[in-house]
Amino acid sequence: MSATDKVFAGSVPKLYDEYLVPLIFSVYADDLARRIAALSPSDLLEIAAGTGAVTRAVAALLPSDVRYVATDLNEPMLAIARQRQGDAPRMSWRQADALALPFDDAAFDVVCCQFGAMFFPDRSKGYAETRRVLKPGGTYLFNVWDNIADNVFADEATVTLGKVFPDNPPLFMARTPHGYHDKDAIKADLERAGFKDISIETKTAASRAPSAEYVAIAYCQGTPLRGEIEARDARKLEAATDAVAEAIRKRHGSGPVEAKIQALVITARP
């Protein structure tokens, strides 16, 4: 993982929330929220909350007396989540590193994380921190993206940008968001952290957008992929976005577009 892969700054957080959350995150946030609600937690910790897609979905399903702490490494992302959530007395917000959680041992009966584990520099260490803050009998629920080949728009954007920058293709999407999908590796990382009861489910869904341009903006300008493009040639951001839009338009049409997305949903208990 590149050092810039975790940088969500500038205009990226706003575009991420406006474009990427509806495009690929909302459907999995709703799924994770239902799973969390079924566990009836009393104390819930969310790691890597981003702009709050899961936070909003979960908060809508839980009773008002549930203590809910949402964290993220990136304060600009968390600021949007806090603003979107509005006044919610039971909610608390904390800038936090998943590898060094600022909480007591056995503080939460459920910990959740939507599409964050791929960004952990040391995944077993991150999982060990989660295990530390879990109460006995607690549950860790998280998801990661599957192979980029099973996530059509992300794959098409990556292939197209490789043609725009053939000497140094921007590979953020393949390297990090879609770079941690080996089920055996995930299970082994969890076992090293002390988890024993582990299940991994493949979940396929549809990614929908009003236009090809919408998809191109989401990926090229609403993720750290933007930094990769600008590092190669800042003047080509719009041209690169247009190239991705045109590639998607050619394959999926000039109106609303739809394509496959796929993720892994993991449930783990010590």
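Just so you know, these numbers come straight off a predicted model, no measurement behind them.

Parameters and conventions
Along each chain, numbering runs from 1 in the same order as the chain's sequence is written. Only residues with pLDDT of 70 or above have their local features reported here, since the model is predicted, and side-chain atom pairs are shown and tallied only from 80 upward, although totals for entire chains, interfaces and linings are computed over all residues. To get the side-chain values, take all heavy atoms of the structure and skip hydrogens and water. For this analysis, a ring pair means two rings from Phe, Tyr or Trp (six-membered ring only for Trp) whose centres lie within 6.5 Å, classed as stacked if their planes differ by under 30 degrees, edge-to-face if by over 60, and tilted for the remaining angles. Secondary structure elements follow DSSP: runs of H or I no shorter than four residues count as helices, runs of E no shorter than two count as strands, and numbering proceeds from the N terminus. Accessible area is worked out with a 1.4 Å probe on protein chains only. A residue is then buried under 20% of its type maximum, exposed over 50%, and partly exposed in between. To sit over a ring, a charge needs its Lys NZ or Arg CZ within 6 Å of the ring centre and within 35 degrees of the ring normal. DSSP bridges decide pairing: two strands pair if at least two such bridges lie between them. Fitted lines through C-alpha atoms serve as axes, helices being fitted only where they are in contact, and the angles separating the N-to-C directions of these axes extend from 0 to 180 degrees. Only heavy atoms matter for contacts: two residues are in contact if any of them lie within 4.5 Å across the pair. By convention in these notes, a salt bridge is any Lys or Arg side-chain nitrogen within 4 Å of a carboxyl oxygen on Asp or Glu.

A. Just the packing of aromatic side chains, in detail. Inspection of every chain in the model, using the stated rule, returns 14 aromatic pairs. Residues phenylalanine 25 and tryptophan 145 carry aromatic rings whose centres are separated by 5.9 Å and whose planes lie at 45° to one another, so their mutual orientation is tilted. You can see phenylalanine 25 sitting in helix H1 (residues 12-38) and its partner tryptophan 145 sitting in strand E5 (residues 134-145), a full 120 residues away along the chain. The exposure class assigned to phenylalanine 25 is buried, which follows from its relative accessible area of 7%. Ring geometry for tyrosine 28 against phenylalanine 115: centres 5.7 Å apart, planes inclined by 90°, an arrangement best described as edge-to-face. Taken together, the residues span a long stretch of sequence, with tyrosine 28 in helix H1 and phenylalanine 115 in the loop between strand E4 (108-114) and helix H4 (123-133) at a distance of 87 residues. Exposure remark for tyrosine 28: the relative accessible area of 0% places this residue in the buried category. Its relative accessible area of 6% is what places phenylalanine 115 among the buried residues. What links up through ring pairs into an aromatic cluster is the set Tyr16, Phe25, Tyr28, Phe115 and Trp145. Here the basic side chain of arginine 123 rests over the ring of tyrosine 180, its NZ or CZ set 3.9 Å away from the ring centre.

B. Representation of the sheet that holds strand E2 (residues 67-72) in the model. Taken in spatial order, the 7 strands make up an open sheet running E3-E2-E1-E4-E5-E7-E6, and their pairing is mixed. Lying at the two open borders of the sheet, with one neighbouring strand each, are strand E3 (91-95) and strand E6 (197-209). Across the sheet, the mean angle separating the axes of adjacent strands is 20° when strand polarity is ignored. Here strand E1 (residues 43-47) pairs with E2 via 4 bridges, running parallel. Looking across to E2, one finds that leucine 44 is bridged to tyrosine 68. Sheet strands touched by H4: E1, E4 and E5. Its angle to E5, the strand with the most contacts, is close to 145°.

C. The arrangement of the pattern of salt bridges in detail. The tally for this structure, following the rule as stated, stands at 21 salt bridges. Put simply, glutamate 18 and lysine 14 hold a salt bridge, and the shortest N to O gap is 3.3 Å. Pair noted here: glutamate 18 and lysine 14 are both in helix H1, with a separation of 4 residues, about one helical turn. What makes glutamate 18 partly exposed here is its relative accessible area of 42%. The closest approach of N and O atoms between arginine 249 and glutamate 213, which form a salt bridge, is 2.2 Å. You can see arginine 249 sitting in helix H10 (residues 237-252) and its partner glutamate 213 sitting in helix H8 (residues 212-221), a full 36 residues away along the chain. By relative accessible area, which is 24% here, arginine 249 ends up partly exposed. Glutamate 213 sits in the partly exposed class, given a relative accessible area of 36%. Through salt bridges with shared partners, one network takes in Asp31, Arg35, Glu201 and Lys203.

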